[in-house]
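What follows is each chain in one-letter form.
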Amino acid sequence: MAFRALTKGLFGLRHSRGVTVKYSCDGHFATAASIQSPQPQTDDVKEKILQLPLKSPDYFRVSELFSLKDLFNARVHLGHKQGCRHRLMEPYLYGCRLDQDIIDLDQTMEHLQLALNFTAHIAYRGGVILFVSRRRQFCHLVETTAKECGEYAHTRYWQGGLLTNANIQYSPGVRLPDLIVFLSTLNNVFQQHVALRDAAKMNIPTVGVVDSNCNPSLVTYPIPGNDDTPVAVELYCRLFKMTINRAKDKRRQMELLHGLFTPTPSSS
Amino acid sequence: MAGSRLERVGTVFSRVRDLMCSGVMKPADKPIWFDVYEAFPPKKEPLYVKTKTRTFVNKQSNVPAIFYAEDKVRAWFYEHYGTGSRSFDLSNSNFVSVCQRFVLKYSELKSHSELEDSALYEMTAKALLSEGITLKQRARHPVESIEPVF
């Protein structure tokens, strides 16, 4: 009960920032000129801060944080037995060694880089990130990871209407997470976690570690890898924590940098 | 606020993009992740895939079995010597087991000499014995027929 009150308070704390937006429809770019702010320079600077990282492919250099050797040593390539294999995971598997599925680490590297990059950008823009895992073995680890990043975690029983009925379960106008990170996409009875489907319903992108017995279809940025071994889960938690902290530090840096230049009309 | 709860139709991105194009979702309500997804889309679109309820009885899996050339030697080793004299030390990542030493010695001898397999196996066993590793031959019991007791 106390936990729910805490999350309610934490959700309410973050306030959304007004930002000038550009969106494309059928290839045309249209700038929303209707937002008139008293300080057009601040908005321009804010827009520049937000658009600059999108130009480079790895602005936060997340690919430096891990290597294939690290993934191998953390036993990320070990999947479940052949009988547990999910049909949709077959493209991500390297092969089957004596009935145990081996996940293709080359593919995992690419997916992990995409996923960490996405997480970094969301954290940079001040998005709310929710870590979800229903594995009791790692529940404490996930909660401490979330605490150390300054983000949120939900590793307990998922009540039905947490996302879909948030306006009634919490309060009207509550801010929902902008990204949900699954350290394990299954719940305790080896079925797909309800949060995955609910996030898709509420148009929230998801990043998730999918093992060889998981369904990767609804996960926006799947990371094929082992979700059972403690070494592997510790690696994922460490990587997510480092990316989020890096992104937030970068944001603070950019704001300070541009905060110094806002008074002068000729901003860099 | 506008939303679309149809998780089985299109992807998260396509739904939000279409909501904004049609004007149902205002530009001010654009989600934070929209630009990021546009700039860095995932490798495969997260479309909902319906799982087939009726599957093939004889399923053809596209996942190849992983076998190496040394597995033949390993198979021979485990058949003749059982599990080996030393247990595996899993905490050490550079650990070389008895079987692996056998395989390494075998491949070394094979590159030097032109003998056939069975002779090579015996040579390897002798070579390992000289290095100090004793290999106990596993006694292979013939299948005993159980006489019915009336």
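All of these numbers come straight from a predicted model, not from anything done at the bench.

Reading the values: rules and limits
- Residues numbered from 1 in each chain as written.
- Chains lettered and ligands numbered in written order.
- Predicted model: local features only at pLDDT ≥ 70, side-chain atom pairs only at ≥ 80, totals over all residues.
- Heavy atoms only, no water.
- Buried < 20%, exposed > 50% of the residue type's maximum accessible area, 1.4 Å probe, protein only.
- Helix = DSSP H or I, 4+ residues; strand = E, 2+ residues; numbered from the N terminus.
- Contact = heavy atoms within 4.5 Å.
- Pairing = 2+ DSSP bridges.
- Axes fitted to C-alpha atoms, helices over the stretch in contact; angles between N-to-C directions.
- Buried area = accessible area lost by both parts, 1.4 Å probe.
- Salt bridge = Lys/Arg side-chain N within 4 Å of Asp/Glu carboxyl O.
- Disulfide = S-S within 2.5 Å.
- Parallel < 35°, antiparallel > 145°, perpendicular 65-115°, else oblique.
- Left-handed = near helix turned anticlockwise from the far one by under 90°.
- Nonpolar A, V, L, I, M, F, W, Y, C, P; charged D, E, K, R; others polar.
- Domains from an automatic or database assignment.
- Right-handed = clockwise from strand over helix to strand, strands pointing away.
- Arc of directions from axis to C-beta.

1. What to know about helix H7 (residues 194-201) of chain A
All of the buried residues along H7 of chain A are Ala195, Leu196, Asp198, Ala199 and Ala200 of chain A. Lining the buried residues of H7 of chain A we find strand E8 (179-182) and strand E9 (206-210) of chain A together with helix H1 (12-22) of chain B. In the stretch just after H7 of chain A, asparagine 203 of chain A is the one whose phi turns positive, near 55°.

2. Describing the sheet that holds E8 of chain A
All names here are of chain A. As summarised here, the arrangement of the five strands in space is E7-E6-E8-E9-E10, forming an open sheet in which the pairing is parallel. Each edge of the open sheet is held by one strand with a lone partner, namely strand E7 (152-154) and strand E10 (221-224). For this sheet the average axis-to-axis angle between neighbouring strands, irrespective of direction, equals 20°. Pairing analysis gives three bridges linking E8 to E9, with the strands arranged parallel. Bridged to phenylalanine 182 within E9 is glycine 208. The strands that helix H5 (residues 139-149) touches are strand E6 (129-132) and E7; relative to E7, the one it contacts most, it runs at about 165°.

3. Overview of unusual backbone geometry
All names here are of chain A. With phi around 50°, leucine 98 is a residue other than glycine that occupies positive phi space. Judged by its relative accessible area of 59%, leucine 98 is exposed. With a phi angle near 75°, aspartate 99 is a residue other than glycine that sits in the positive phi range. Within the secondary structure layout, aspartate 99 lies in the loop between strand E4 (93-97) and strand E5 (100-103).

4. Some words on the interface of chain B and chain A
When the parts of a complex come together, some accessible area is lost, and that lost area is often used as the size of the interface. Each partner contributes to the interface: chain B provides 41 residues, whereas chain A provides 49 residues. Counting the surface lost from both chain B and chain A, the interface buries some 3,900 Å², and carbon and sulfur atoms represent 62% of this. Considering only the side of chain B, the residues that lose the most area to chain A are Arg5, Ile32 and Phe40 of chain B, jointly responsible for 18% of the buried surface there. Joining chain B to chain A, the criterion identifies four salt bridges.

5. Details of the sheet that holds E4 of chain A
Residues and elements named next belong to chain A. Spatially, E3-E5-E4 is the arrangement adopted by the three strands of the open sheet, whose pairing is antiparallel. The outermost strands of the open sheet, each flanked by one partner alone, are strand E3 (78-81) and E4. Direction aside, the axes of adjacent strands within the sheet are offset by 30° on average. Note that E3 and E5 share two bridges and pair antiparallel. Paired with leucine 78 across the two strands is isoleucine 102, which belongs to E5.

6. Regarding the state of the cysteines
Residue and element names in this part refer to chain A. Tallied over the entire structure, the rule returns zero disulfides over all chains. Here cysteine 214 stays unpaired: no disulfide links it, and the sulfur of cysteine 84, its closest cysteine neighbor, is 10 Å away. On the basis of relative accessible area, cysteine 214 is assigned to the buried category, the value being 0%.

7. Side note on the packing of helix H4 (residues 98-112) of chain B against helix H5 (residues 117-131) of chain B
All names here are of chain B. Running from N to C, H4 and H5 point in directions that differ by 120°, and their axes come no closer than 9 Å. Looking at the two axes, H4 sits oblique to H5. When you trace H4 past H5, the crossing you get is right-handed. In this structure, H4 contributes Arg101, Phe102, Lys105, Tyr106, Leu109 and Lys110 to the contact, and H5 contributes Asp117, Leu120, Tyr121, Met123, Thr124, Ala125, Ala127, Leu128 and Glu131. Split by residue class, the contact of H4 with H5 holds nine nonpolar, one polar and five charged.

8. Remarks on the domain arrangement of chain B
Once the domains are mapped, chain B shows domain 1 (1-53) and domain 2 (69-131). Once you take the C-alpha centre of each, domain 1 of chain B and domain 2 of chain B turn out to be 56 Å apart.

9. Notes on the pattern of salt bridges
Taken as a whole, this structure holds 22 salt bridges over all chains when the rule is applied. Of the charged contacts, one joins arginine 175 of chain A and aspartate 178 of chain A as a salt bridge, the two residues approaching to 2.7 Å between their closest N and O atoms. Each member of the pair, arginine 175 of chain A as well as aspartate 178 of chain A, is classed as buried. Among the ionic pairs, arginine 101 of chain B bridges to glutamate 131 of chain B, the shortest N-O distance being 2.8 Å. Placement of the pair is arginine 101 of chain B in helix H4 and glutamate 131 of chain B in helix H5, with a sequence separation of 30 residues. Connected through salt bridges with shared partners, the residues Arg61, Glu64 and Arg246 of chain A form a single ionic network.

10. With respect to the pairing of E8 of chain A
Of the two faces of E8 of chain A, the one lined by Leu179 and Val181 of chain A and the one lined by Ile180 and Phe182 of chain A are each fully buried. Handedness of the E8 of chain A-H7 of chain A-E9 of chain A crossover: right-handed.

11. Focus: H5 of chain A
Residue and element names in this part refer to chain A. Restricting attention to buried positions, one finds in H5 the residues Cys139, Val142, Thr145, Ala146 and Cys149. Looking down the long axis of H5, one finds its buried residues gathered within 130° of arc, a one-sided arrangement. In H5, the exposed residues that point more than 90 degrees away from the buried face are His140 and Lys147. A positive backbone phi angle near 85° is found at glycine 150, which sits one or two residues after H5.

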